[in-house]
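Notes for the structure review
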Amino acid sequence: MTAARPEGVGPVLGWPAEHPVPVILGGVGVGFLVGALVPDLAGAPDALVAAVVAVAIAITLLPVPLISLGRAVVDRRFLLAVVGLNVVVSPVLALILSRVVFRDPDLQLGLLLVLLAPGVGIVAIFVRRAGGAVESLLATAPLMLVIQAVSLPTLMVLFTAGDGFLSLDLSRLPLAVLLGIVTPAAVVTVVQLIAARAPRLQRASRRGAALAVPATAIAAGVVAAVWLPRAAERSELLVAVAPLFGVYLILMTPVGILVGTAAGLTLSQVRAVTFSGAARNGLLVLPIAMAFESGFELVPVVVVLGIGIEVVGLFVYRLLVPSVTQQSRGPLAQD
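The rules behind these values
- Residues numbered from 1 in each chain as written.
- Predicted model: local features only at pLDDT ≥ 70, side-chain atom pairs only at ≥ 80, totals over all residues.
- Heavy atoms only, no water.
- Helix = DSSP H or I, 4+ residues; strand = E, 2+ residues; numbered from the N terminus.
- Rg over C-alpha atoms; globule rule 2.2 N^0.38 Å.
- Contact = heavy atoms within 4.5 Å.
- Areas by Shrake-Rupley, 256 points an atom, 1.4 Å probe, with all protein chains shown as cover.
- Salt bridge = Lys/Arg side-chain N within 4 Å of Asp/Glu carboxyl O.
- Buried < 20%, exposed > 50% of the residue type's maximum accessible area, 1.4 Å probe, protein only.
- Expected span 1.5 Å × (residues − 1).
- Bend = angle between axes of the 7 residues up to and from the residue.
- Axes fitted to C-alpha atoms, helices over the stretch in contact; angles between N-to-C directions.
- Parallel < 35°, antiparallel > 145°, perpendicular 65-115°, else oblique.
- Left-handed = near helix turned anticlockwise from the far one by under 90°.
- Nonpolar A, V, L, I, M, F, W, Y, C, P; charged D, E, K, R; others polar.

**Observations regarding the overall build of the protein**
- On a plain count of helices and strands, the protein comes out with 14 helices and zero strands.
- Across the protein, helices and strands are ordered from the amino to the carboxyl terminus as α-α-α-α-α-α-α-α-α-α-α-α-α-α.
- Against the 2.2 N^0.38 benchmark of 20 Å for 335 residues, the protein shows a C-alpha radius of gyration of 19 Å, consistent with a compact globule.
- Along the first, second and third principal axes, the C-alpha atoms of the protein reach 55 × 45 × 35 Å.
- The long-range fraction of contacts in the protein, counting pairs at least 24 apart against all pairs at least 6 apart in sequence, stands at 87%.
- Accessible area of the protein: about 14300 Å², with a carbon and sulfur share of 70%.

**Side note on the pattern of salt bridges**
- Under the defined criterion, the tally for this structure stands at four salt bridges.
- Between aspartate 46 and arginine 172 there is a salt bridge, and its shortest N-O distance comes to 3.9 Å. One end of the pair, aspartate 46, is in helix α3 (residues 46–61); the other, arginine 172, is in the loop between α7 (134–160) and α8 (173–195), with 126 residues separating them in the sequence.
- Among the residues examined, aspartate 46 registers a relative accessible area of 34% and is labelled partly exposed.
- On the basis of relative accessible area, arginine 172 is assigned to the partly exposed category, the value being 40%.
- Between arginine 230 and aspartate 46 there is a salt bridge, with the nearest N and O atoms lying 2.8 Å from each other. Separated by 184 residues along the polypeptide, arginine 230 in helix α10 (residues 212–230) and aspartate 46 in helix α3 bring together distant segments of the chain.

**Concerning α7**
- Between its terminal C-alpha atoms α7 stretches only 34 Å, short of the 39 Å expected from 27 residues at 1.5 Å a residue.
- A maximum bend of about 35° is found in α7 at alanine 141, where proline proline 142 lies one to four positions downstream.

**Brief notes about the packing of helix α4 (residues 76–98) against helix α5 (residues 105–115)**
- Axis separation between α4 and α5 bottoms out at 10 Å; the angle between their running directions is 165°. As the angle between them shows, α4 and α5 are arranged roughly antiparallel. Viewed along their axes, α4 and α5 form a crossing whose handedness is right-handed. Residues Ser90, Ala94, Leu97 and Ser98 of α4 touch α5, and the partners they reach there are Gln108, Leu111, Leu112 and Leu115.
- For the contact of α4 with α5, the residue count by class is five nonpolar, three polar and no charged.

**Comments concerning α5**
- Summarising burial for α5: ten of the eleven residues are buried, a large majority.
- Every buried residue of α5 is accounted for by Asp106, Leu107, Gln108, Leu109, Gly110, Leu111, Leu112, Leu113, Val114 and Leu115.

If you want it as structure tokens, here you go:
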């Protein structure tokens, strides 16, 4: 089964959107390989890497209805289930898992950045394939981005205050957030506002949105290629954090189904909620990960690793969630 190709998008642009796993895994894998083989890439300008990431973030936000913030409250039960799962349940699990690597602050920060950032955009591809309520999930995305802007820094400080997070030099963070996250989101919002009255721009925006998967792959690969050599002395520690991403995905499966079912949602909505709890937004936090002081070069590498593991996990979700949710509701369950 393949995902529906966006209207006006040809087979060349449509193929990556229909096959996100090999594309993103390929980008991550090539990035790690190049970073290991060409250590001189560590000298690449930070501004160039940041620009690549910012463009990728803008592209991945194109299919997210940023100008339709009010749509999220149409189905309050679905919204409450998504918010509760991502703002209450997921952070608790993230905190527990982060304590496993608390003695390595760079691993801890990278892990928390990924796990505390709910996914928007690309997850819709997997939700659609799994028979989930993709439109309901996309409707909540703008509000989840706003909530994330508040909850992420708050929870990061709360979860790491005792480990010296506030003692770090965070002077580069405001500019990184402004240029790498706020600016792309603002540009996409303006584009969507204009496109609502300009059919040609709307079609161009739709074609641009089809590039979300390759844009993510390229950005993740570039970050890996540049930052892995910078963190070469600590790169062996990645084996300690990699399983934690997998544990998170495994544990969030029954939790997501339980939350969606307890909220009295339809079968397709339960599936969407389950994916919402699993999907993280590693790409969106890369500008933050790259802004930490010297000695924390491993943080962006951890985030990229999380992106690669997540896309594999979402593929597994795509295979298992439809049947598991169907069985949990019984053979007579109606959508």
